[in-house]
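Examination of the molecular architecture
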Amino acid sequence: MKFTPVPITGAGLVTAAGRGVEPAWEALCAGRSLLALDTDPELTGFPPIETARCARIDPESVGADRRAARTMGHHTHMLLAAVHDLVTGTPAVSEMEEEEIAFFAGMDSVDPGKDDLLGAVRDSRDRVDLVHFFSEGMDTIPPLWPLSMVNAIGFSQAAIQHRWRGENAVFSAGPEAAARAACEAADSIGTGKARLALCAGVSGVVSARMLARAQRRGVWPQAGGLGEGAGVIRIEKPEEIDRSKILGWLKGYSSVRALKKRGGLARAVQTSAEGALASAALTPDKVDLLVIYGEGDSRADGAEAQAIHALLGGHKPWGLATKGVFGHLWGGSTVLDLIMAMKALAVGAPPPTSAAEGGLFRDAAGGPGRDELENALVLLQGFDGVCAALLVGKNA
């Protein structure tokens, strides 16, 4: 089905490189990995892992109510900061009716802070004293604490703060969640349900519980590490905007779940990419920039390489990979990749990316000529075999 292109007119980003798109782009262009061996004692017992954590953010500095800020976690602070940077100085947002602004987000799982239950077990020593816990300790836990573990709470805090009351939804918990949010945001604009839509993606916060989930899900990074971050893009009705403000166009989307009887993971990656191209009415040779998922897992990367070779044949676009710099952001990775893809299209050259990545793309050491890049295909592999692809272009 043909996808109606929608313009992306703004972006906000928080990564281990700092606040904003430019610090992240500079780190990518420098090939400077932000990952480092994590020596946090909380992670003792897990295999050594590299992480790229974001600096802590003062929630009040991004407009959060002081009382509400006490129940927010770092994941909410990252989302609020990305949204704050996007909407600051944007009159179009403040001039619209609350019901005309849609908001969608893909958010990873939320974990309690290590001090949240400390008061409840403060008299325990070598073991948890359940008698004390249930007779006295539970009284020290704030009554609304369980709600803070619902990832929709962080999303709701952003919507409440900015008074957005249009269509909205939260998706969880992997890279496919933010891809779904992008598609819903585009559909909200295309069907006239909103005049402006925001799509966000937020990672989890590095913790022992996060690492335990990675092991349980079978997504422990074999290469690279885990990162923190949040990104948000703004999509608007094309007939109502200043064309000079357009960062890029979302032109196509497709999602497929890998099934063994239908060719497995490689076929799912290929089918999702074919679907995104078909929805944009483009052929594979029109892909100028390929943003690989590049998970670092031999099985997943092998399937992606197989799919790309089958899809593109002899055509080799320029390439872009982000996880070697920022780590795996899971719920935040899709929006990060979209923003970096649009930046590469605007600059006219991708950051240096080795052509040795399975021979999937050209060597970007010299960089292509300016204005050579028109379309970027962003690939992702989510949890439970869900694969998706998004197509962004410099022009509609």
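Right above here is the structure, for reference.
Here we come to the overall build of the protein chain. Scanning the protein chain from N- to C-terminus turns up twelve helices and 14 strands. With 396 residues in all, the protein chain has 53% of them scored as buried. Counting contacts in the protein chain only where the partners sit at least 6 residues apart, residues at least 24 apart contribute 77% of the total. By element, 51% of the accessible surface of the protein chain is carried by carbon and sulfur atoms, the whole surface being about 17,000 Å².

Spatially, the three strands line up as an open sheet ordered β3-β4-β8, and their pairing is mixed. The sheet is open, and its two borders are formed by β3 (36-37) and β8 (225-227), each paired with just one other strand. Examined bridge by bridge, strand β4 (residues 50-52) and β8 share three bridges and lie parallel to one another. The residue of β8 that forms the bridge with T51 is L226.

For the coordinates displayed, the defined rule picks out 14 salt bridges. Residues D38 and R53 are paired through a salt bridge, measuring 2.9 Å at the closest nitrogen-oxygen approach. Separated by 15 residues along the polypeptide, D38 in the loop between β3 and β4 and R53 in the loop between β4 and α2 (66-69) bring together distant segments of the chain. For R53, a relative accessible area of 28% gives the class partly exposed.

One can find S254 in strand β10 (residues 248-257). The class for S254 is buried, based on a relative accessible area of 14%. For S254, the contacting residues outside a window of four places in its chain are T271, S272, G275, A276, C387, A388 and A389.

On to helix α7 (residues 175-190), then. If you check α7, its first and last C-alpha atoms are 23 Å apart, about what 16 residues at 1.5 Å a residue would give, namely 22 Å. Burial runs high along α7: twelve of the 16 residues are buried. Among the residues of α7, those classed as buried are P175, E176, A177, A178, A179, A181, A182, C183, A185, A186, S188 and I189.

Another aspect to go through is the packing of aromatic side chains. In this description, a pair of aromatic rings is defined by centroid distance and the angle of the planes. A complete count under the given rule lists four aromatic pairs for this structure. Residues F103 and F155 carry aromatic rings whose centres are separated by 4.5 Å and whose planes lie at 15° to one another, so their mutual orientation is stacked. Taken as a pair, F103 in strand β5 (residues 101-107) and F155 in helix α6 (residues 151-162) lie far apart in primary sequence, 52 residues in all. Each ring, one from W330 and one from F383, has its centre 5.6 Å from the other, and the planes form 80°; the classification is edge-to-face. Of this pair, W330 sits in the loop between α11 (323-326) and α12 (333-347) while F383 sits in the loop between β13 (375-381) and β14 (386-393); the two residues are 53 residues apart in sequence, bridging distant segments of the chain. Through a chain of ring-to-ring contacts, three or more aromatic side chains come together here, namely F103, F155 and W164. In this structure, K323 is placed above the aromatic ring of Y293, and the distance from its NZ or CZ to the ring centre is 3.8 Å.

Our next topic: a nonpolar patch on the surface. A cluster of nonpolar residues, L130, F134 and M138, forms a patch on the protein surface that exposes about 330 Å² of accessible area. Mapped onto the fold, L130 is located in helix α5 (residues 130-135).

A few words on helix α9 (residues 264-279). Given a rise of 1.5 Å per residue, 16 residues ought to cover 22 Å, and the 22 Å separating the end C-alpha atoms of α9 matches this to within 8%. Within α9, burial applies to G264, L265, A266, A268, V269, Q270, S272, A273, A276, L277 and S279. Against β10, α10 (298-312), β13 and β14 lie the buried residues of α9. A positive backbone phi angle near 55° is found at A281, which sits one or two residues after α9.

Bringing the environment of V202 into the picture now. Inspection of the secondary structure puts V202 in strand β7 (residues 196-202). Judged by relative accessible area, which is 1%, V202 ranks as buried. For the pair V202 and V14, spaced 188 residues apart in sequence, the C-alpha to C-alpha distance is 9.4 Å. Setting aside residues no more than four positions away along its own chain, V202 makes contact with H75, M78, L79, G106, M107, D108, G229, A230, G331 and G332.

This next bit is on unusual backbone geometry. You will see that A281, though not glycine, has its phi angle at about 55°, which is positive. If you trace the backbone, A281 turns up in the loop between α9 and β11 (289-291).

Glancing now at the pairing of β5. In terms of burial, β5 is a largely internal element, seven of the seven residues being buried. Side-chain alternation along β5 places I101, F103, A105 and M107 on one buried face and A102, F104 and G106 on a second face that is also buried. Both β5 and strand β6 (residues 168-171) contribute to a ladder of four bridges, which runs parallel. By the bridge assignment for β6, G106 is matched with F171.

Basis of the calculations
- Note on numbering: residues in each chain are counted from 1, in written sequence order.
- It should be noted that, the model being predicted, local features are given only for residues of pLDDT at least 70 and side-chain atom pairs only at 80 or more, the latter also being counted only at that level, while totals for whole chains, interfaces and linings use all residues.
- To get the side-chain values, all heavy atoms of the structure are used, and hydrogens and water are removed first.
- Helical segments are the DSSP runs of H or I of at least four residues, strand segments are the runs of E of at least two, and each set is numbered from the N terminus.
- For the exposure calls, accessible area comes from a 1.4 Å probe over protein chains only, and a residue counts as buried if that area is under 20% of its type's maximum, exposed if over 50%, partly exposed in between.
- Only heavy atoms matter for contacts: two residues are in contact if any of them lie within 4.5 Å across the pair.
- All accessibility values rest on the Shrake-Rupley procedure with a 1.4 Å probe; residue burial counts only the protein chains present in the view.
- Pairing between two strands requires that DSSP report at least two bridges joining them.
- Here a salt bridge means any side-chain nitrogen of Lys or Arg lying within 4 Å of a carboxyl oxygen belonging to Asp or Glu.
- Multiply 1.5 Å by the residue count of a helix minus one, and that product is the helix's expected span.
- Centres within 6.5 Å are what make two rings of Phe, Tyr or Trp a pair, Trp counting through its six-membered ring; a difference in plane orientation under 30 degrees is then read as stacked, over 60 as edge-to-face, and the rest as tilted.
- Note on geometry: a ring has a charge over it if NZ (lysine) or CZ (arginine) is within 6 Å of the ring centre and within 35 degrees of the ring normal.
- Only residues whose relative accessible area exceeds 30% and that form no salt bridge enter a patch; like-charged residues are grouped when within 9 Å of one another, and nonpolar side chains (Val, Leu, Ile, Met, Phe, Trp, Tyr) when within 5 Å.

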